[in-house]
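Letter by letter, the chains look like this.
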Amino acid sequence: MSITTPTPTRTPTPTPTPQKTGSAHRRLFVLNRSRVTSEVLAEIEELEEGWIEPRIAGLAARSEPLVSRAQWIAHLDALLAEERAGGPAGKYLAEEATREEFTCVVREFALDGLTEAQNFFPAIPRLPIKAQMAVMRVLIDEFGCGNLQQAHSQLYRDLLAELGLPQETESFLDTTGDETFQFLNVFYWLTQRAPDVEYFLGGLAYLEASIPDAFQVQARACSRLGIANGRYYTEHLHIDTFHMKEMQQAVKEYEAVHGLDPTKVWIGAQLLSGLIGDAFDAAVQRAREAV
C-alpha cells in the first residue's frame, strides 16, 4: 500500500493593482522594444518630450557646474556614500519582508531582470573605440560571456521560477509600476536620443557603482527567507565592482578623444539615482499594501 504525502497548501502571492493599459510609460516601454518606423519614433519622441526633457532641465538647473573629471568622481563618491546607509524601504525588505512581499518586489523588477543590458548597445557607436571596449567588457559579463547559465537575465529567470512567477516579459507589462517603467525607459533615451552620450556614461557609471551596496538588501532577504536562487543579486555584488572601474575608464577614454563635460556626466548619475530610488521605494510600498 502506497502512502501519498499531501501537497502543502501554498498561499498565492498577491498581485499588485494592475497599471492602466493607457499608461504613457508602459506605452513608451512597448514602443522602445518595437520595430522602429517613422510613426513609432514620432510617438516615442512625443512621450519623451513631456517626461525626460523636463527632468533633465530640472537637474541641470539645480546642478553645480563641474570643471573636471576628478570633480565628477568626487561628486559620485559623495552620492554613493550618502546612499550607502540605505533607507526604510531597504531595511524593511532585508529584515522584515515576508516571502510573498519579496516575491512582489521581484515581480516588479522582472522586466528589468529579463531585459538586462539589452538597451545599452546603441550607445556603442557613439563612443570612441577605447571607450567602446570598456563598455563592451561590461556587456560581455551581463550576457554571461556567451554562457546562457551565467547570463544575468537567466539568473533572474531562475529566481522567477523558484518564486512561482512566469518568465516571459509579456507577463509583467500590466503589473509593473510607472516608476519602474521610467527606470527601464531612460536607457533607451540615454543611448539613442540623448543629445550627448556623456549623460549615458554618467548614468551607467552610477548604476554599476551603486549596485554592490544596493543589492546587499536583496541578498540579505534571500538568505533570511531561504531563497536558493539569490545568485542574481550576489553575482552583482561581485562583478559590478569591476564594472564600476570599467565605466570610469570609459569616461576617461571619452575625455581623451572628445573632451568631457563633467556636468552632463554628473546629471546622468543623478538622473539614474532618482529613478531607481523612486522605483525601489514604490515597489516595496506596493508589496506591503498588496500582501
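For the structure, see preceding data.
The present account deals with the structure reproduced in this document. Computed from a prediction, not measured in an experiment: that's the story for all the values here. Counting restarts for each chain: residues are numbered from 1 in the order of the written sequence. A pLDDT threshold of at least 70 governs which residues receive local features in this predicted model, and a stricter bar of 80 or more applies before side-chain atom pairs are shown or counted, although totals over entire chains, interfaces and linings include all residues. Calculated side-chain values reflect all of the structure's heavy atoms, with hydrogen atoms and water omitted.

On to the overall build of the protein chain. Numbering of helices and strands runs from the N terminus; a helix is a DSSP stretch of H or I covering at least four residues, while a strand is a stretch of E covering at least two. Within the protein chain, the secondary structure is distributed over 14 helices and zero strands. Counting from the amino terminus, the protein chain carries its helices and strands in the arrangement α-α-α-α-α-α-α-α-α-α-α-α-α-α. Overall, the protein chain is about 80 × 40 × 35 Å in size when its C-alpha atoms are taken along their principal axes. Sequence-distant contacts, at least 24 apart, represent 83% of the contacts inside the protein chain between residues at least 6 apart. All accessible areas in this document rest on Shrake-Rupley with a 1.4 Å probe, and a residue is counted as covered only by the protein chains that are shown. In the form shown here, the protein chain has an accessible surface area of approximately 13600 Å², with 53% of it arising from carbon and sulfur atoms. For the protein chain, the distance from the average site of its 26 positive side-chain charges to the average site of its 40 negative ones is 3 Å. Residues are treated as being in contact if the distance between any of their heavy atoms lies within 4.5 Å. Here Asp and Glu are counted as negative and Lys and Arg as positive; His is not counted, and neither are the chain ends. Where a charge lies is defined by one atom per residue type, namely NZ (Lys), CZ (Arg), CG (Asp) and CD (Glu).

Moving on: the pattern of salt bridges. One side-chain nitrogen of Lys or Arg within 4 Å of one carboxyl oxygen of Asp or Glu is enough to make a salt bridge. Evaluation of the coordinates by the stated rule reveals 14 salt bridges. Two residues, arginine 69 and glutamate 255, come together in a salt bridge whose shortest N-O distance is 2.8 Å. Of this pair, arginine 69 sits in helix H4 (residues 69-84) while glutamate 255 sits in helix H13 (residues 231-258); the two residues are 186 residues apart in sequence, bridging distant segments of the chain. Connected via shared salt-bridge partners are Lys91, Glu95 and Arg220.

Honestly, it's all geometry; don't read function into it.
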